[in-house]
Amino acid sequence: MVMPWPFPDFPFAEDGQPAPDGADVRLAALVAQRLSIDWTTRRQQITVTVQNRVVILAGLVADAETRRVAGELAWDVSGVFDVCNALRLHSGRRRGR
C-alpha cells in the first residue's frame, strides 16, 4: 500500500527549503543583536540560525567561556524554545610546543 506524502502546512522558498517563519526571523535578529552587544561575544565569528524557535549557534569562538556565554545569551531571549550550541573553539595551539 502506498501512503501519499502529506502536503506541508508551510510555504517553501524558491530553493526548495521551507520559507523562514516570521517569528524565527525575529528571534534570530534578537539573538544576533544580543551577541553583538555583549562584551564577551561581540567580536566572535558566530552565525545565528533559528528553526521552529530553536536557536542554532555555529562558528568559531576564542574560548569555552565565550561559548558558554553565547549559549546563555541565546537562552535569555524571550520566545526561544531551545538552543543548539555548535560553536567550536579556535585551536590556539602554538607551533614548536
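Note that the structure is a prediction, hence the values are computed from the model and not measured. (Residues numbered from 1 in each chain as written. Predicted model: local features only at pLDDT ≥ 70, side-chain atom pairs only at ≥ 80, totals over all residues. Heavy atoms only, no water.)

## Some details on helix α1 (residues 22-37)
Defined as follows: For helices the rule is a DSSP run of H or I covering at least 4 residues; for strands it is a run of E covering at least 2, with both sets numbered from the N terminus onward. One fewer than the residue count of a helix, multiplied by 1.5 Å, yields its expected span. Per-residue accessibility, obtained with a 1.4 Å probe over protein chains only, is compared with the maximum for each type, and a residue is labelled buried under 20%, exposed over 50%, and partly exposed between these values. In this description, one arc is meant: the one made by directions from the helix axis to the C-beta atoms.
Taking 1.5 Å of rise per residue, the 16 residues of α1 would be expected to cover 22 Å, and the 23 Å separating its terminal C-alpha atoms lies within 8% of that figure. Among the residues making up α1, those that are buried are Asp24, Leu27, Ala28, Val31 and Leu35. In a view along the axis of α1, the buried residues occupy a sector of 100°, so they form one face of it. Facing away from the buried surface of α1 by more than 90 degrees, the exposed residues are Gly22 and Ile37.

## A closer look at the environment of serine 78
Rule in force here: Every residue pair with non-hydrogen atoms within 4.5 Å of one another is taken to be in contact.
One can find serine 78 in the loop between α2 (64-75) and β3 (82-89). Counting along the chain gives 47 residues from serine 78 to valine 31, while the straight-line C-alpha distance between them is 9.7 Å. When sequence neighbours within four positions are dropped, the list of residues in contact with serine 78 reads Arg26 and Leu27.

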